[in-house]
Amino acid sequence: MYPTDYRYTKQHEWVKVDGEHGIIGITHYAQSELGDVVFVEMPKIGTKIKVGASFGTVESVKAVSEIYSPVSGEVTETNPLLADAPEKINSDPHVTAWLIKVKLDDPKEAASLMDAAAYESYVASAAKDH
Amino acid sequence: MFGRHGSNLPVTTPAIAEIRKTALNAVHRRLNARMVNFGGWDMPLEYSGILAEHDAVRTRAGLFDVSHMGEIEITGPGAQSLVQWVSCNNAAKLIDGQIQYSGLMTSRGTFVDDLLVHRISGTHYMLCVNASNQDADFAHIVAHNKFDAKIENAGPRYSQLAVQGPRAAEILQKLTPVSLSPVHYYYFVSGKVSGIDCLIARTGYTGEDGFEIYFAPEHSEKLWDDLMSAGAPFGLIPAGLGARNTLRLEAGMCLYGHEIDDTTTPWEAGLAWICKMEKAPFLGSDVLAKQKQDGLPRKLAGFEMLDKRIGRDGYPVEVAGKQVGRVTSGCPSPTLKKNIGMAYVPPDLTALATDLEIDIRGQKAAARIISLPFYKRPQ
């Protein structure tokens, strides 16, 4: 379910680090909690984002949620697919429905986040609280 | 994620008080519904998804467990006088088997609750009230019972299912010998559904044709299963509170705690059609008469967003940088494919095409007043 080469936050974002660059999205668990996604508010290219700070929002039919950055860096790209097809976040949150690409301030920063196995057990315990 | 704000539903975090469950709780869990605490009740928010469920109700049919709703029975020679005294619509106009949307009034002319008044006979009324208000409603009616009527807080004696959508009548007809076509909108009959005694009412909270059926809770699973089976060939699916909210909002219907509460009057809420001054005096009628004469401080209006963002519950409404009101409910409209909402604003700002701004988490988004209801079903 959760790609093993990604890192995960407790707020249910993922980051895939590739050298000095990172790709950021929200997890399958996050999309299933949100329900039908209808709008994504993205930062502008060039925006400096900070680890733990909100860089955008995802709106579903029932609620709006902040997206918190798993890493610090500068936004180099936002996913053009999501402007017209935000529902892709529900169907493919880990691959085609990535949110932003960033140039990382510190490529090692993401190493402190959860790996896939840790995130899966984190989500399993969160689901039990429901 | 989940730094949440602006949820459309009064979802509360689990309180210390024990959460209440309908007789269908196990069914919802078997269907893998996403459950929420809705006013102290563990209720299904969605099964297959709000959009799919919303679409099913608009185009085919949906089945809702609304057993959390409260029922209050008023009987005896003073029953009608009591209903007339505590509610703002004119229950004297009802005939046996007829239903009326009304408001339970405070002495200030504001809403204790909104409700459906079912006239079983001139000495027997069944009120269907909101789940989270039922105990307060009961206490309120008891406190104003100067007519010696018998009042029963009857919620535990009833389950309620709503079959809603253009195919609802065909589906329900398969399970009942009662001919449904003579049962017009806002009328009810007593009869068997699946061999079970039911009150079958042609009412709903979706803007579609449909029925709300009331019966003893022990039959809940059988009726649910039989309706699901009868409805499957018509495309009926289970629907939760999420779709119920988007459906009612498109239909311009008020939700207690959002458009109406104990600070809003029927005039302000656009509910003059349920507030009948000719039957005065009733609770709050003096205040209502005065407000009608003096003019309203605010009025409920419908708006559409002019950009992709959603003006949600509680967001400030502004004109020329000055706050003029607040959003009471807002959501994407799955049927109309735009973002809609309702808000209280000063009456002079309710003219059609008035431009507003909604403060969405610090950013201004353009909105425009449009007419209510947003959606009206094809006749």
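Residues numbered from 1 in each chain as written. Chains lettered and ligands numbered in written order. Predicted model: local features only at pLDDT ≥ 70, side-chain atom pairs only at ≥ 80, totals over all residues.

Undergrad: Could you give me a rundown of the overall build of chain B, with the residues and numbers involved?
TA: Tallying secondary structure elements over chain B gives 8 helices and 19 strands in all. Overall, chain B is about 60 × 50 × 45 Å in size when its C-alpha atoms are taken along their principal axes. A total of 379 residues make up chain B; the buried ones form 49% of that total. Considering only contacts within chain B whose residues lie at least 6 apart along the sequence, 67% involve residues at least 24 apart. (Helix = DSSP H or I, 4+ residues; strand = E, 2+ residues; numbered from the N terminus. Buried ≥ 20, exposed ≤ 12 C-beta atoms within 10 Å, placed from the backbone. Contact = placed C-beta atoms within 7 Å.)

Undergrad: So what's going on with the nonpolar core? Which residues, and what values?
TA: Residues and elements named next belong to chain B. Ranked by size, the top nonpolar core spans 130 residues in total, and within it Val117, Leu127, Leu161, Val163, Ile213 and Leu227 carry the most contacts. Once residues lying within four places of it in the same chain are set aside, the contact partners of Ile213 are Gln160, Leu161, Val193, Cys198, Leu199 and Ile200. Within the second largest apolar cluster, 8 residues are counted, among which are Met35, Phe38, Leu45 and Leu241. (Core = buried A, V, L, I, M, F, W, Y, C linked by C-beta atoms within 7 Å.)

Undergrad: Break down the domain arrangement of chain B for me, citing the residues and quoting the values.
TA: All names here are of chain B. The assigned domain composition of chain B is domain 1 (25–67 + 158–250), domain 2 (70–149) and domain 3 (297–379). Using C-alpha coordinates to define each centre, domain 1 is positioned 30 Å away from domain 3. Facing 10 residues of domain 1, the contacting portion of domain 3 comprises 11 residues. Of all the secondary structure elements, the ones that give two or more residues to the side of domain 1 that touches domain 3 are α2 (50–59) and α7 (241–250). Residues belonging to the side of domain 1 that touches domain 3 are distributed by class as follows: 2 nonpolar, 4 polar and 4 charged. (Domains from an automatic or database assignment. Nonpolar A, V, L, I, M, F, W, Y, C, P; charged D, E, K, R; others polar.)

Undergrad: An account of the pairing of strand β9 (residues 159–164) of chain B is requested, with residue identities and associated values reported.
TA: Residues and elements named next belong to chain B. For β9, the tally of buried residues reaches 6 of 6 residues, placing the bulk of the element in the interior. Taking every second residue as pointing to the same face, both faces of β9 are buried, with Ser159, Leu161 and Val163 on one and Gln160, Ala162 and Gln164 on the other. Here 4 bridges tie strand β3 (residues 62–65) to β9, and the two strands are oriented antiparallel to one another. By the bridge assignment, Leu63 is partnered in β9 with Val163. As judged from the 6 bridges shared by β9 and strand β12 (residues 210–215), these two strands associate in the antiparallel manner. Across the sheet, the residue bridging to Ser159 is Phe215, located in β12. (Pairing = 2+ DSSP bridges.)

Undergrad: Tell me about the pairing of β3(B), residues and numbers included.
TA: Residue and element names in this part refer to chain B. The alternating pattern of β3 places Gly62 and Phe64 and Leu63 and Asp65 on opposite faces, both of which are buried. The pairing of β3 with strand β13 (residues 237–238) spans 2 bridges and is parallel. Residue pairing across strands places Leu63 opposite Pro238, the latter belonging to β13.

Undergrad: Got a sec to walk through the sheet that holds strand β10 (residues 188–193) of chain B? Specific residues and values, please.
TA: All names here are of chain B. Spatial ordering of the open sheet is given by β10-β11-β12-β9-β3-β13, a layout of 6 strands whose pairing is mixed. Each end of this open sheet is capped by a strand with a single partner; those strands are β10 and β13. Packed on one face of the sheet, α2 meets β3, β9 and β13 and runs near 115° to β3. Across the sheet, helix α6 (residues 220–231) is in contact with β3, β9, β10, β11 (196–201) and β12; its angle to β9 comes to roughly 10°. (Axes fitted to C-alpha atoms, helices over the stretch in contact; angles between N-to-C directions.)

Undergrad: Report on the environment of Val123(A), specifying residues and quantitative values.
TA: Residue and element names in this part refer to chain A. Here Val123 lies in helix α4 (residues 116–128). Under the C-beta neighbour-count criterion, Val123 is labelled buried, with 22 such atoms within 10 Å. As a C-alpha pair, Val123 and Ala30 span 93 residues in sequence and 9.7 Å in three-dimensional space.

Undergrad: Lay out α7(B) with the relevant residues and their values.
TA: Every α-helix winds through 3.6 residues per turn, so residues three or four apart in the chain are directed the same way. All names here are of chain B. Buried residues dominate α7, accounting for 9 of its 10 residues. Those residues of α7 lying buried are Leu241, Gly242, Ala243, Arg244, Asn245, Thr246, Leu247, Leu249 and Glu250. Next to the buried residues of α7 lie β1 (34–38), β2 (41–46), α2, β3, β16 (322–333) and β17 (338–345). Remark: Gly252 follows α7 within two positions and exhibits a positive phi of approximately 70°.

Undergrad: Which residues make up the packing of α2(B) against α7(B), and what are the values?
TA: All names here are of chain B. Viewed as axis vectors pointing N to C, α2 and α7 meet at an angle of 55°, and their least axial separation amounts to 8 Å. If you check the angle between α2 and α7, you find them oblique. Crossing of α2 against α7: the hand is right-handed. Residues Ile50, Glu53, His54 and Val57 of α2 form the contact with α7, whose participating residues are Gly242, Ala243, Thr246 and Leu247. In terms of residue class, the contact of α2 with α7 is made up of 4 nonpolar, 3 polar and 1 charged. (Parallel < 35°, antiparallel > 145°, perpendicular 65-115°, else oblique. Left-handed = near helix turned anticlockwise from the far one by under 90°.)

Undergrad: Tell me about the confidence of the model for chain B, and please be specific about residues and values.
TA: Parts of the prediction with low pLDDT should not have their coordinates interpreted in detail. Residues and elements named next belong to chain B. The pLDDT averaged across chain B works out to 95; a share of 96% of its residues lies at or above 70. Within the model, pLDDT remains below 50 along residues 4–15, and this stretch shows 31 contacts once partners closer than five positions in the same chain are excluded. Scored as a complex, the prediction yields pTM 0.93 and ipTM 0.86. (pLDDT = per-residue confidence, 0-100.)

Undergrad: Give a description of the sheet that holds strand β4 (residues 70–75) of chain B that names residues and reports values.
TA: Residues and elements named next belong to chain B. Spatially, 5 strands are ordered β5-β6-β7-β4-β8 in an open sheet, and the strand pairing comes out antiparallel. Only two strands of the sheet have a single neighbouring strand rather than two, namely β5 (98–105) and β8 (150–153). Strand-to-strand twist across the sheet, computed as the mean angle between neighbouring axes with direction ignored, equals 25°. With 6 bridges joining them, β4 and strand β7 (residues 124–129) adopt antiparallel strand pairing.

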